[in-house]
Amino acid sequence: MKRPLEMAHDFLAEVVTTEDIVVDATMGNGHDTLFLAKLAKQVFAFDIQEQALEKTQERLNQAGMTNAQLILQGHETLDQFVTEAKAGIFNLGYLPSADKSLITKPHTTIEALRKLCQLLVKGGRIAIMIYYGHEGGELEKDAVLDFVSQLDQQEFTVAIYRTLNQVNNPPFLVMIEKLERYRHG
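Just so you know, these numbers come straight off a predicted model, no measurement behind them.

Caption draft 1: Representation of the packing of aromatic side chains. According to the stated counting rule, one finds two aromatic pairs in the structure shown. When the centroid spacing of 5.7 Å and the interplanar angle of 65° are considered together, the rings of Phe-46 and Phe-81 count as edge-to-face. Residue Phe-46 is found in strand 2 (residues 42-46), and its partner Phe-81 is found in the loop between strand 3 (68-71) and strand 4 (85-92); the two are separated by 35 residues along the sequence. Relative accessible area serves as the criterion here: at 0%, Phe-46 is assigned to the buried category. With a centroid separation of 5.7 Å and an interplanar angle of 70°, the aromatic rings of Tyr-132 and Phe-172 are classed as edge-to-face.

Caption draft 2: Spotlight on unusual backbone geometry. A positive phi angle is found at Asn-168, which is not glycine, with a value near 65°. Within the secondary structure layout, Asn-168 lies in the loop between strand 6 (156-161) and strand 7 (172-178).

Caption draft 3: Helix 4 (residues 106-119), seen in detail. A rise of 1.5 Å per residue sets the reference length of helix 4, with its 14 residues, at 20 Å; its end C-alpha atoms lie 20 Å apart and thus fit the reference within 8%. Residues Thr-108, Thr-109, Ile-110, Ala-112, Leu-113, Lys-115, Leu-116, Cys-117 and Leu-119 constitute the buried set of helix 4. Lining the buried residues of helix 4 we find strand 1 (21-24), strand 4, strand 5 (120-130), helix 5 (137-149), strand 6 and strand 7.

Caption draft 4: Quick peek at the nonpolar core. The biggest cluster of nonpolar side chains holds 30 residues, and the ones touching the most others in it are Phe-90, Leu-113, Ile-126, Ile-128 and Ile-176. Looking at this core, the elements with two or more residues in it are strand 2, strand 4, helix 4, strand 5, helix 5 and strand 7. Among the elements that make up this core, the one with the highest residue count is helix 4 (six residues). Membership of the second largest hydrophobic core comes to 24 residues, among which are Val-16, Leu-70, Ala-87 and Ile-89.

Caption draft 5: Just the pattern of salt bridges, in detail. Counting across every chain of the model gives ten salt bridges. The partner of Glu-6 in a salt bridge is Arg-3, and the shortest N-O contact between them spans 3.7 Å. Classification of Glu-6 as partly exposed rests on a relative accessible area of 36%. Arg-3 gets classed as exposed once you look at its relative accessible area, which sits at 53%. Linking Asp-20 and Lys-86 is a salt bridge whose minimum nitrogen-to-oxygen distance equals 3.4 Å.

What counts and how
- Residues numbered from 1 in each chain as written.
- Predicted model: local features only at pLDDT ≥ 70, side-chain atom pairs only at ≥ 80, totals over all residues.
- Heavy atoms only, no water.
- Phe/Tyr/Trp six-rings, centres within 6.5 Å; stacked < 30°, edge-to-face > 60°.
- Helix = DSSP H or I, 4+ residues; strand = E, 2+ residues; numbered from the N terminus.
- Buried < 20%, exposed > 50% of the residue type's maximum accessible area, 1.4 Å probe, protein only.
- Expected span 1.5 Å × (residues − 1).
- Contact = heavy atoms within 4.5 Å.
- Core = buried A, V, L, I, M, F, W, Y, C linked by side-chain atoms within 4.5 Å.
- Salt bridge = Lys/Arg side-chain N within 4 Å of Asp/Glu carboxyl O.

Pasting the structure below:
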């Protein structure tokens, strides 16, 4: 059985091509940025911590990847850099091996999700890894689930992939797909 993060990568890899622009909304240590850089034409990756940019740049350099723009800003500013995207990924929570008090916040995460849903091309996808076993994590989990549950079913399909018999708040995946057949008005 696949772990949720493996499922997230598979979910995005099914639709991302070398012609696409994609978003890593939470750069972290750069694993998702590198994964997306190998698939897409261009990656816009966001984080508010300098350490995340340094680690990610190092990871990209080692792999010889030059198609990622690393942005030292919150993901809620993504619409200042991206006009459309085929895919996006969020890893909510804190940066592993860094200050655990610096966490993603419900209001900025929802703002980023709202903007990315609007910028998503038809057939585009968003993967949201929800880590919630930390202070503030439950609030964000609830806010995200509330937001995605209210997305228009005529425009989006939303699904969850999670283990049911694990202890200690196992991370889980929320998947959003913008439907091909949706037409405005």
